[in-house]
Amino acid sequence: MEHLTPKPQADSLYPKIEPYEYGWLDVSPVHQVYWEQCGNPNGIPVIFLHGGPGAGAGPMHRRFFDPSFYRIIIFDQRGAGRSRPLGETRENTTPLLIEDMERLRRQFGVERWLVFGGSWGSTLAIAYAETHPERCLGLILRGIFLCRPSEIEWFLYGLRAIFPEAWRRFAHFIPANERNDLLRAYHARLMDPDPAVHLPAARLWGSYEGACSTLLPNPDTVAHFSSDPVALGLARIEAHYFTHNIFLPDNSLLDNVRRIAHIPGIIVQGRYDGVCPIVTADDLHRAWPEAEYVVVPDAGHSAFEPGIQRELVRAAQRFMHRLQRVSLAST
Ligand code: STX
């Protein structure tokens with residue numbers, strides 16, 4: 001009998017890779033931003049934007065992109081992941097994150113790049129593209145989050161309708177007389193300098209978000225997002241951005257969507273996304289019908305939901321084929 005090495009599935013993650021270069025960029029007197037580059041140093045650049053805000057990136061995020069074609073640029077946003085200081089909310093706003101992306105782009109000598117982001121990463125991708133449309137080769141967006149007050153309200157209260165057990169653990173950490181404003185109550189505790197106060201709050205926030213992120217229960221996801229460093233970055237930075245309505249005018253992302261209408265875009269959305277319900281992706285697609293819209297019928301929020309992961313890999317492959325054609329045509 002013939003023994004064939006099984007070919008990797010065309011739409012599974014690419015193999016594990018290590019960065020060919022990484023470092024920290026001083027972006028302000030307070031913040032040093034971690035960055036890394038993987039894949040083909042002469043390839044088409046793609047910038048990966050992680051979620052939260054504050055969730056940080058990881059080694060799995062390198063694996064959505066063909067490393068022989070793409071120059072994969074990943075960074076941890078201010079206060080997140082390997083950026084320093086962890087959980088720092090001073091000098092931390094959406095316009096500053098957009099400036100950091102421009103700083104990184106110039107440092108790497110990149111003219112234009114593909115922008116890839118899920119959840120809060122989709123929020124930041126849209127905000128960046130509306131500010132610097134000429135820098136974007138395309139957009140791949142997943143689990144759309146526009147961070148409107150209704151979406152923040154849903155995250156803090158509405159999710160109770162779907163995940164009552166996780167919500168009760170999250171809400172009941174706060175005394176009953178403060179539960180009518182969970183954001184304010186959590187924000188106060190998360191910003192407390194005493195770890196005995198801020199760490200338990202961060203763990204509960206992280207485990208709530210992790211528990212609501214997958215269609216099927218996934219203890220590894222919950223463990224990751226409730227582990228101390230991840231939870232502290234995520235909870236503090238999210239509470240900070242949500243308290244300030246992401247430092248952008250109300251509804252500005254949808255109001256300005258025509259600025260990105262000409263950019264090729266692919267939207268990937270799980271039908272049963274609890275954290276970022278599909279109604280937001282639907283709003284975005286109606287405002288931006290030129291974008292390709294892929295609804296995964298059996299997935300929740302996380303980028304690693306099987307159907308979401310598959311569609312994200314396929315989206316990066318479609319851009320690869322299209323960008324190959326463009327570069328062949330111009331030689
Ligand atoms: N947070 C939206 C967001 O970006 C309200 C996000 N949601 N879950 C995640 O990120 C993780 C799965 C990364 C925790």
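Source: prediction; values computed, not measured. (Residues numbered from 1 in each chain as written. Predicted model: local features only at pLDDT ≥ 70, side-chain atom pairs only at ≥ 80, totals over all residues. Heavy atoms only, no water.)

Caption draft 1: Summary view of the pattern of salt bridges. Scanning all chains against the criterion turns up 20 salt bridges. Across the salt bridge formed by D100 and R78, the nearest N and O atoms sit 2.7 Å from each other. Of the two residues, D100 sits in helix α1 (residues 94-107) while R78 sits in the loop between β4 (70-75) and α1, which places them 22 residues apart along the sequence. Note on accessibility: D100 and R78 belong to one class, buried. What you see here is one network of salt bridges that share partners, running through E18, E36, R62, D76 and R82. (Salt bridge = Lys/Arg side-chain N within 4 Å of Asp/Glu carboxyl O. Helix = DSSP H or I, 4+ residues; strand = E, 2+ residues; numbered from the N terminus. Buried < 20%, exposed > 50% of the residue type's maximum accessible area, 1.4 Å probe, protein only.)

Caption draft 2: Expanded view of the pairing of strand β5 (residues 113-118). With six of six residues buried, β5 is to be regarded as a mostly interior element. With four bridges joining them, strand β3 (residues 44-49) and β5 adopt parallel strand pairing. Looking at the pairing, F48 lines up with F116 of β5. Bridge analysis of β5 against strand β6 (residues 136-142) gives six bridges, and the strand direction is parallel. Residue pairing in the sheet places G117 in a bridge with L141 of β6. (Pairing = 2+ DSSP bridges.)

Caption draft 3: Focus on the layout of surface pockets. Here the largest pocket is characterised by a volume of approximately 970 Å³. If you go around the largest pocket, you meet 45 residues; those closest to its centre are H61, H224, F225, S302 and F304. Among the secondary structure elements, those contributing two or more residues to the lining of the largest pocket are β3, β5, α6 (195-211), α7 (219-226), α8 (228-243) and α11 (306-329). The element contributing the most residues to the lining of the largest pocket is α7, with four residues. (1 Å grid on protein atoms, 1.4 Å probe; cavity = no way out; pocket = protein on both sides within 12 Å on 5 of 7 lines; lining within 4 Å. Points joined across faces, edges and corners; volume = space filled by probe spheres on them.)

Caption draft 4: Molecular detail of the packing of α7 against α8. Their axes nearest at 5 Å, the elements α7 and α8 cross at an angle of 70°. When the axis of α7 is compared with that of α8, the two are roughly perpendicular. Contacts between α7 and α8 involve H224, F225 and S226 on the former and, on the latter, D228, V230, A231 and L234. (Axes fitted to C-alpha atoms, helices over the stretch in contact; angles between N-to-C directions. Parallel < 35°, antiparallel > 145°, perpendicular 65-115°, else oblique. Contact = heavy atoms within 4.5 Å.)

Caption draft 5: Spotlight on the packing of aromatic side chains. Taken as a whole and assessed by the stated rule, the structure comprises 23 aromatic pairs. Three or more aromatic residues joined by ring pairs form one cluster here, namely F145, F155, F170, F173, Y186, W205, Y208 and F242. Between R84 and the ring centre of W24, over which it is positioned, the NZ or CZ distance is 4.0 Å. (Phe/Tyr/Trp six-rings, centres within 6.5 Å; stacked < 30°, edge-to-face > 60°. Lys NZ or Arg CZ within 6 Å of the ring centre and 35° of its normal.)

Caption draft 6: Highlighting the site of the ligand. Taken together, 13 residues sit near the ligand, with G52, S119, W120, E209 and E238 positioned nearest. Here a nitrogen atom of the ligand sits 3.0 Å away from a polar atom, N or O, in the side chain of E238. One of the side-chain nitrogen or oxygen atoms of H301 is found 3.1 Å away from a nitrogen atom of the ligand. When the free accessible area of the ligand is taken as 380 Å², the share hidden by the protein chains comes to 93%. When each cavity is represented as a set of grid points, the ligand is found to reside in the largest pocket. (Near = heavy atom within 4 Å. Polar contact = N/O pair within 3.5 Å; in protein donor to acceptor, adjacent residues only side chain to side chain. Areas by Shrake-Rupley, 256 points an atom, 1.4 Å probe, with all protein chains shown as cover. Sits in = over half its atoms within 2 Å of the grid points.)

Caption draft 7: Inspection of α1 at higher detail. An ideal rise of 1.5 Å per residue puts 20 Å on 14 residues; α1 measures up with 20 Å between its terminal C-alpha atoms. Residues of α1 that are buried: T94, L97, I98, D100, M101, E102, L104 and R105. Positive backbone phi, at 65°, marks G109, one or two positions downstream of α1. (Expected span 1.5 Å × (residues − 1).)

Caption draft 8: Local environment of the domain arrangement of the protein. For the protein, the assigned domains are domain 1 (2-148 + 247-330) and domain 2 (150-246). The straight-line distance from the C-alpha centre of domain 1 to that of domain 2 is 24 Å. Between domain 1 and domain 2, the contact holds 35 residues from the first and 26 residues from the second. Contact between domain 1 and domain 2 buries roughly 2500 Å² in total, counting both sides, with carbon and sulfur atoms accounting for 63%. Applying the counting criterion to the domain 1 and domain 2 interface returns one salt bridge. Residue assignment for the side of domain 1 that touches domain 2 shows that the elements contributing at least two residues are α1 and α2 (120-131). Taken together, the residues of the side of domain 1 that touches domain 2 sort by class into 16 nonpolar, 14 polar and five charged. (Domains from an automatic or database assignment. Buried area = accessible area lost by both parts, 1.4 Å probe. Nonpolar A, V, L, I, M, F, W, Y, C, P; charged D, E, K, R; others polar.)

Caption draft 9: Highlighting the nonpolar core. Formed by 73 residues in total, the largest nonpolar core has its most connected members in V115, L139, W205, F242, L284 and W288. Looking at which domains feed residues into this core, each of domain 1 (2-148 + 247-330) and domain 2 (150-246) gives three or more. Sequence-distant contacts of F242, defined by excluding residues within four places in its chain, comprise G52, P53, F145, C147, I152, F155, L183 and W205. Of all hydrophobic cores here, the second largest spans 30 residues; its members include Y14, A57, A303 and L312. (Core = buried A, V, L, I, M, F, W, Y, C linked by side-chain atoms within 4.5 Å.)

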